[in-house]
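Structural overview for review
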Amino acid sequence: GQSGSPGQLWDDVGHRTSITAKLATGNIDLFGMTSFDGDEDQDPQEIMDTFFETSAYASAKEYIPDYTRWIDLALSYNLNTSIFLGWHWATYNHLLTTEEFTTYNEFQCGFFFNSVVKELRQMYPYTQILYICYGPVASIMRQMFEDGNLPDIENQIGPKDESTSLFTDDARGHAGDMMTDMMGLVWFQILYDPSSNLIERYINRITTWNKENVYNIIEEGLVLNEDYNLKEEELTPESTTSSPTMEPSQQPSMKPSMKPSMKPSM
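Residues take numbers from 1 onward in each chain, read along the sequence in its written order. With the structure being a predicted model, the display of local features is reserved for residues of pLDDT at least 70 and the display and counting of side-chain atom pairs for 80 or more, all residues being used for whole-chain, interface and lining totals. Side-chain metrics in this entry use all non-hydrogen atoms of the structure; hydrogen atoms and water are not considered.

Digging into the overall build of the protein
Where we set the bar: Only DSSP runs of H or I with at least four residues qualify as helices, and only runs of E with at least two residues qualify as strands; both kinds are numbered from the N terminus onward. Whether a residue is buried, partly exposed or exposed follows from its accessible area with a 1.4 Å probe, protein chains only, as a fraction of its type maximum: under 20%, in between, or over 50%, in that order. We call two residues contacting when some pair of their heavy atoms lies within 4.5 Å.
In terms of helices and strands, the protein carries nine helices and five strands. Secondary structure elements in the protein, listed N-terminal to C-terminal, are α-α-β-α-α-β-α-β-α-β-β-α-α-α. Expressed as a percentage of its 266 residues, the buried residues of the protein come to 45%. In the protein, of all internal contacts separated by at least 6 residues, the share reaching a separation of at least 24 is 75%.

Regarding the packing of aromatic side chains
Definition in use: Classification of ring pairs rests on two measures: the distance between centres of Phe, Tyr or Trp rings, Trp counted by its six-membered ring, which must be within 6.5 Å, and the angle between planes, read as stacked under 30 degrees, edge-to-face over 60 and tilted in between. Over a ring means this: the NZ of a Lys or the CZ of an Arg is within 6 Å of the ring centre and within 35 degrees of the ring normal.
A full pass over the atoms with the stated rule returns 20 aromatic pairs. Pairing Trp-10 with Trp-70 gives two aromatic rings, centres 4.9 Å apart and planes at 85°, and the pair type is edge-to-face. With Trp-10 in helix α1 (residues 6-11) and Trp-70 in helix α4 (residues 64-77), this residue pair connects regions lying 60 residues apart in the sequence. Ring pairs connect the aromatic residues Phe-36, Tyr-57, Tyr-63, Tyr-67, Trp-87, Phe-107, Phe-111, Phe-112, Phe-113, Tyr-131 and Tyr-228, which therefore count as one cluster. The lysine or arginine in question, Arg-16, covers the ring of Trp-10, its NZ or CZ lying 5.2 Å from the ring centre.

Brief notes about the state of the cysteines
Any covalent bond linking the sulfur atoms of two cysteines counts as a disulfide. The following threshold applies: Note on disulfides: each one is a pair of cysteine sulfur atoms within 2.5 Å.
On inspection of all chains with the given rule, the structure shows one disulfide. A disulfide bridge connects Cys-109 with Cys-133, and the sulfur atoms are separated by 1.8 Å. When the S-S torsion is -80°, as for the bridge of Cys-109 with Cys-133, the disulfide is left-handed. Placement of the pair is Cys-109 in helix α5 (residues 98-123) and Cys-133 in strand β3 (residues 129-133), with a sequence separation of 24 residues. For Cys-109, a relative accessible area of 4% translates into the label buried.

What about a negative patch on the surface?
Filter applied, for reference: The residues that make up patches have over 30% relative accessible area and no salt bridge, and they are joined within 9 Å when like-charged or within 5 Å when they are Val, Leu, Ile, Met, Phe, Trp or Tyr. Surface accessibility in these figures is a Shrake-Rupley result with a 1.4 Å probe; residues are shielded only by whichever protein chains are displayed. By convention in these notes, a salt bridge is any Lys or Arg side-chain nitrogen within 4 Å of a carboxyl oxygen on Asp or Glu. Counting rule for charge: Lys and Arg are taken as positive, Asp and Glu as negative, and neither His nor the chain ends is counted. By convention, charge coordinates are those of NZ in Lys, CZ in Arg, CG in Asp, or CD in Glu.
Together, Glu-154, Asp-161, Glu-162, Asp-177 and Asp-181 give the surface a local cluster of negative charge. Mapped onto the fold, Glu-154 is located in the loop between α6 (135-146) and β4 (155-157).

Re the side chain of Asn-78
Selection criterion: Here a polar contact means two N or O atoms within 3.5 Å. Within protein one must be a hydrogen donor candidate and the other an acceptor candidate, and residues neighboring in sequence count only if both atoms are side-chain atoms.
With respect to the element layout, Asn-78 can be found in the loop between α4 and β2 (82-87). The buried category is assigned to Asn-78, whose relative accessible area is 15%. Polar contacts involving the side chain of Asn-78 include one to the main-chain carbonyl oxygen of Ile-28, which spans 3.1 Å. For Asn-78, the residues in contact, after removing those within four places along its chain, are Gly-26, Ile-28 and Asp-29.

Let's talk about the sheet that holds strand β1 (residues 30-33)
Keep this limit in mind: Criterion used throughout: strands pair if DSSP finds at least two bridges between them. Fitted lines through C-alpha atoms serve as axes, helices being fitted only where they are in contact, and the angles separating the N-to-C directions of these axes extend from 0 to 180 degrees.
One open sheet accounts for three strands, arranged β1-β2-β3; its pairing is parallel. At either margin of the open sheet sits one strand with a lone partner, and together these are β1 and β3. Taken over all neighbouring pairs, the strand axes of this sheet differ in orientation by 20° on average, direction set aside. Direction of pairing for β1 relative to β2: parallel, over a ladder of four bridges. Counted as the bridge partner of Gly-32 is Phe-84 from β2. Strand contacts of helix α7 (residues 177-192): β1, β2 and β3, with the helix running at about 155° to β3, the strand carrying the most contacts.

Notes on a nonpolar patch on the surface
On the surface, Phe-188, Tyr-192 and Leu-198 cluster together to form a nonpolar patch covering roughly 280 Å² of accessible area. Mapped onto the fold, Leu-198 is located in helix α8 (residues 196-206). The partly exposed category is assigned to Leu-198, whose relative accessible area is 34%.

A few points about the pattern of salt bridges
Oppositely charged side chains can form a pair if their charged atoms are brought close together. A full pass over the atoms with the stated rule returns two salt bridges. Here Lys-61 makes a salt bridge to Glu-119, at a shortest N to O gap of 3.5 Å. Linking Lys-61 in the loop between α3 (44-54) and α4 with Glu-119 in helix α5, this pair joins segments that are 58 residues apart in sequence. A relative accessible area of 23% means that Glu-119 is categorised as partly exposed. Among the ionic pairs, Arg-69 bridges to Asp-66, the shortest N-O distance being 3.0 Å.

Put into structure tokens, the structure is as follows:
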């Protein structure tokens, strides 16, 4: 929620002090932040219409300091700290059709990438900045539920049992247990790029969710993120040289990979 945005965490003395104490150990090598605290009164359709008319994303420069203050603080204690940024899904999604929900989530992925992530990568060419747009996982699962293809989920919204509900409330639309797990797997794959065998073992031996669903959700979620980060071996020699002119897309980072061998054995 808004209280967890970079700007509000910084302004909250208690939270800032607690986070600073952890960074001050010098042992933090991966520091993550979510989306900024924007104007919730803005009409999503109006924002998208403006983009389609102008082919330009709205500026987010007023929110850049919310991120740079934290990045500067983290780097002051460990210059090798990597940063990752995450973008969520639309709130009050019950007011949107599934198609509208999907369109808006994917649009927001591109907005945050172009207006914030690229800007920060240009400002910090020596620092690895990863980006995870996990909102589309909610879109994928809502579409599957609507199509009757999500057997583990009984309700789109139902706080009484988070294990069988897609969302736990109709306001923020907090994720139920399955959605939380699926987003966690997408995060894990992008941040750590584990071998396909590791994820395959999880799907086949550990998860209690429908295995086919888990595979499809992770695969689709990673496909939607694949252009936001590059694997180190995919970089050119020139792109591995840190310089102020380094293109944001050349940041040394990890591109998710899902291989056909990860298909679950039923």
